[in-house]
Each structure stands twice: as structure tokens, then as C-alpha cells.
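# Summary of the model geometry
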There are 2 protein chains.
Amino acid sequence: MHSELEKYLPAFRQQLNKWITFSDEEWAIVSQHLQLKTLRKKEYFTQAGSTCKELGFILSGALRLYHLKDIEEITSYFCLANDFICSYKSFLKQQPGFSYIQAITDTLLITFTYDGLQQLLNHPLTAHKTERFGRLIAEDLIFCYEDRVQAFVTQSPEERYISLLNNNSRILQHIPQHYLANYLGITPVSLSRIRKRILEPGK
Amino acid sequence: MHSELEKYLPAFRQQLNKWITFSDEEWAIVSQHLQLKTLRKKEYFTQAGSTCKELGFILSGALRLYHLKDIEEITSYFCLANDFICSYKSFLKQQPGFSYIQAITDTLLITFTYDGLQQLLNHPLTAHKTERFGRLIAEDLIFCYEDRVQAFVTQSPEERYISLLNNNSRILQHIPQHYLANYLGITPVSLSRIRKRILEPGK
DNA sequence: GAAAGGCATTAACAAAAGATAAGAAAATCT
DNA sequence: AGATTTTCTTATCTTTTGTTAATGCCTTTC
């Protein structure tokens, strides 16, 4: 039986080589626990109050992670193609989380379920590499957070926006400005002013 | 031969149970790779430009992590007793980092060297648990960063200070205010004003 | 014990950000 | 295409923060 999923497996396996390389034998086991998931624009990967049951890898599309403050949605992160996406605390502790993860555009993902991952962590043939894989993914996220916290601590909102322009312009494409403003820790109105300041250096 | 280190091993092993429990046999191997390290106030655990060679666990004392912006020191994090401390990116990639980690008070640590940890990761008796231990430590750090980034994105400096008072007052003791101000992403002058606003709600 | 340096507070001013509202531009829907 | 949201910009006003500098307190140092 050949599924839609199989079309994407080789590309996914290729991407995983950034972290870990599975042998054919190992891959046969790992790939049993993979699923394909499609999200239409505005659909949710996970929501506050529910437990995140999957770790996703984005084949195409974009997602945003947000929280509610009072009744306002505040976007704190974006994930694009070839990123992993997860409400980590909720997923790893298997307890209800506080994050919403929503598709910004139609999105295609490959997912591990929590149970599938536990099986891989306990299977003698895959335990070691899966454990290492989990560690490496977690470490990558730490590097990312280190940079992000450092930006908040050492830079002004304007400086943060400029470095986003220079270093991460991938994020800027296709993402509404008011989400970006949240990401930078400011209001949409303020981001608009910063943009104007940068574009009109005279005056 | 009995060393100073041995005095602290049982307490350390006890603390590690939060993450992972080593059998006596495993512990015999793990403990071979541990070292005791003392830092006097203002001494460095690691410095920018050099590669962080150790992962430390704080038995007593306090450290701050800071970066240089221009010529100014900006404190982005604190670690206290029973925390792990490391310049993670530099340590994990074994490449020169950009962080200074300095003792705020006299500090006592137990350390793993990078090489020691690699040996544990490759030793058949300890590989699996050490790999998992590394993953769990990394995950804890992620939970911590998740909260920190969310604070920057959803809260004003004043709100961040108030939640620090309520949730993390452990950090407030013994730590100079100008370091705290950096941690909150504001200037020391501004923190002083916030404190005044809170203490004098009238007016 | 006196001097020196570091640290928190306060003040005054400039710059930036938040809040609110209104209007323009763009995207979405039927 | 026309209509309806949604998003972005602009304007006004208030609040907060940054900057610089001065003061007083406390700790360290000799």
C-alpha cells in the first residue's frame, strides 16, 4: 500500500541528516511512526488547554506560535519550511499547554506522535540514535533561544528589527507585520513608525 | 586517595535524580569524570573568545552570564545553587563563544569536561543514560527560555519585574540591581523608577 | 579611620513607545 | 466586480524609557 506520505519520506530523511543519519534498517522502523499532516490556513496544530500530541517537521508552509494575553493574541514565534514545530513544554511533559500554533498559510507537515517517539526511544535498534536526535533538536532550539534572549536584552526594538532584516529576512516574507511586531516585543503601530524612520533617514 | 570532591558527590548524585538515576556501577564510571571547581567572587567560569570546556553544576554561590555591547557589560542570565551553568553554544559546538560567565559571590561547582562527557556518551555502560541526561538538561533549559521569551513578548518591563518578585524571588536576593535591570531588558535608572512606582502606589 | 570606588536614587530633558482613533491600502469573499 | 474584512499607516496625546549628571549611601581598600 503506497501512501501520500511516501512521496515525502526521501526528502525528509535527507533533511534529518543535518542532525542524525539512520541506516536503512533503522529507517524502516522510524518511518513506521511518521504521519503526514495537512493544515489549511488558520487551522491549528495545537491549542492552549490541550496537550500537544505531535512533533512536526514542516515540509512547506508557515506556522505561528501565539499566546493569549487578556483577549489579545500575541505572536511569539514563527516556523517555516524545514523547521521542527512543537509546543515543547506541553509535548515533552504531556500536559496541557498555553500556546496556540496556527497555520499562516496552507501547510504540509510530517509528524511524530508522542507515543511513536516513546516507542522509538525504547526500541533497542533505534533508542540510541533517537535519544541523540532528541538531544540535538533540543540543543538547536537552545541556540535559537539564546540569540533571541540576547536580542531582547542588548538591542532596542529598532535594532532588533534591523537585524531581522539583515539576518533572517526569510521570516519577513509572507508574514503579516502585526505578527512581526509581537515577535519583536512591540506594538504594530510602533513597528510602522520604525519602518518609516528607517526608510526616511533624512529629517 | 580521598579528595575534597568526594565530600560533595553524594549530594550531587542526589540532585541528579531530578533528571536521571545512575546505578552504582554506572555512577562509578560517571564520577570518575567529575571535578570540583572553586571560583572566587569576580573570577570567570568562561570568557568571550575562548571555548567553554566545562559544564558546571552549582553547589553553592551564584554566577551571572553577560555579553559585551560596545564596551558595556549586559547581564542576560543568572544561575544559582542547584542550577547547571554553561555557555551552551560554545560548549556544545566546541567553538569560541561570546559570553562571559562570572562568579557574583564565591562559588563552588562540580564540572564535567567536554571530553569527559564525550567519553560517557561513548561508553557502552553509560551512553544511553548520559544521552538522555543531556536531552533532559537541554529540555529544562528550553522550558526556562520559553518562559523568558514569553515574558519579553507579552509583558511590559514593570510587569516583568513584578512577576520576578512573585515567582522568582530567589533571584532577587544577593543580586545587584543593575544586573537585574539588564536581565529585564531595561536600564538601571528605569528599574529604580519602576521600584518607586510600585512602592508608592498613591500619586 | 580616611579615601576611593561602586551602587542606588533622583532630577531634567529628549526620544521612543503605548493607546486610541481614523483613514488608506490590500486581501478576501461571494 | 463590488463589498467586506483585514492590515498598514498616520496623527494626537499620554506614559514610559533612555541619557546624562548629581547626590548620598555603603562597602572596600589601604
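Residues numbered from 1 in each chain as written. Chains lettered and ligands numbered in written order. Predicted model: local features only at pLDDT ≥ 70, side-chain atom pairs only at ≥ 80, totals over all residues. Heavy atoms only, no water.

## Considering the protein's contact with DNA strand C
- In the region of DNA strand C, 17 residues are neighbours, and T187, R193 and R197 of chain A together with Q177 and H178 of chain B sit closest.
- Of everything in DNA strand C that lies within 4 Å of the protein, sugar and phosphate atoms constitute 69%.
- Within the side chain of R195 of chain B, an N or O atom sits 3.4 Å from a phosphate oxygen of DNA strand C.
- Per-element tally for the surface near DNA strand C: the top contributor is helix α9 (residues 188-199) of chain B, with 5 residues.
- Residues belonging to the surface near DNA strand C are distributed by class as follows: 5 nonpolar, 6 polar and 6 charged. (Near = heavy atom within 4 Å. Polar contact = N/O pair within 3.5 Å; in protein donor to acceptor, adjacent residues only side chain to side chain. Helix = DSSP H or I, 4+ residues; strand = E, 2+ residues; numbered from the N terminus. Nonpolar A, V, L, I, M, F, W, Y, C, P; charged D, E, K, R; others polar.)

## What about the sheet that holds strand β1 (residues 34-39) of chain A?
Residues and elements named next belong to chain A.
- Judged by pairing direction, the sheet is antiparallel, and its 4 strands sit side by side in the order β1-β8-β3-β6 without closing on themselves. Of all strands in the sheet, those bounded by a partner on one side alone are β1 and β6 (84-85).
- Pairing geometry for strand β3 (residues 54-60) and strand β8 (residues 107-113), over 6 bridges, is antiparallel. Bridge assignment links S60 to a residue of β8, and that residue is L108.
- Across the face of the sheet, helix α1 (residues 4-16) comes into contact with β1, β3, β6 and β8 while running at roughly 105 degrees to β1.
- Sheet contacts for helix α4 (residues 114-122): β3 and β8; angle to β8, the most-contacted strand, approximately 50 degrees. (Pairing = 2+ DSSP bridges. Contact = heavy atoms within 4.5 Å. Axes fitted to C-alpha atoms, helices over the stretch in contact; angles between N-to-C directions.)

## Section: the protein's contact with DNA strand D
- Lining the immediate environment of DNA strand D, one finds 17 residues, of which Q177 and H178 of chain A together with T187, R193 and R197 of chain B sit closest.
- For DNA strand D, the fraction of protein-proximal atoms (within 4 Å) that sit in sugar or phosphate groups is 64%.
- With respect to DNA strand D, the side chain of T187 of chain B contributes an N or O atom lying 2.9 Å from a phosphate oxygen.
- A distance of 3.5 Å is found between a phosphate oxygen of DNA strand D and a side-chain nitrogen or oxygen belonging to S190 of chain B.
- Within the residue set of the surface near DNA strand D, elements represented by two or more residues are α8 (177-184) and α9 (188-199) of chain A together with α9 of chain B.
- For the surface near DNA strand D, a count of residues per class yields 6 nonpolar, 6 polar and 5 charged.

## Describing the environment of A81 of chain B
- Here A81 of chain B is to be found in the loop between β5 (72-79) and β6 (84-85).
- Judged by relative accessible area, A81 of chain B falls into the partly exposed class, the value being 25%. (Buried < 20%, exposed > 50% of the residue type's maximum accessible area, 1.4 Å probe, protein only.)

## Overview of the domain arrangement of chain A
All names here are of chain A.
- We note that the domain assignment places domain 1 (4-154) and domain 2 (157-203) within chain A.
- Between the C-alpha centres of domain 1 and domain 2 there is a distance of 27 Å.
- Contacts between domain 1 and domain 2 engage 15 residues on the former and 13 residues on the latter.
- Between domain 1 and domain 2 the total buried area reaches about 1,200 Å² when both faces are included, carbon and sulfur atoms providing 62% of it.
- Considering only the surface of domain 1 that becomes buried against domain 2, F78, L80 and F152 emerge as the three largest contributors, covering 43% of it.
- Between domain 1 and domain 2 we count 1 salt bridge in total.
- Ionic pairing is found between R170 and D83, a salt bridge with its closest N-O pair at 3.3 Å.
- Counting the contacts that link domain 1 with domain 2 gives 6 residue pairs in polar contact (both at pLDDT 80 or more).
- When residues of the side of domain 1 that touches domain 2 are traced back to their parent elements, those giving at least two are β5 (72-80) and α5 (127-154).
- In terms of residue count, the dominant contributor to the side of domain 1 that touches domain 2 is β5 (7 residues). (Domains from an automatic or database assignment. Buried area = accessible area lost by both parts, 1.4 Å probe. Salt bridge = Lys/Arg side-chain N within 4 Å of Asp/Glu carboxyl O.)

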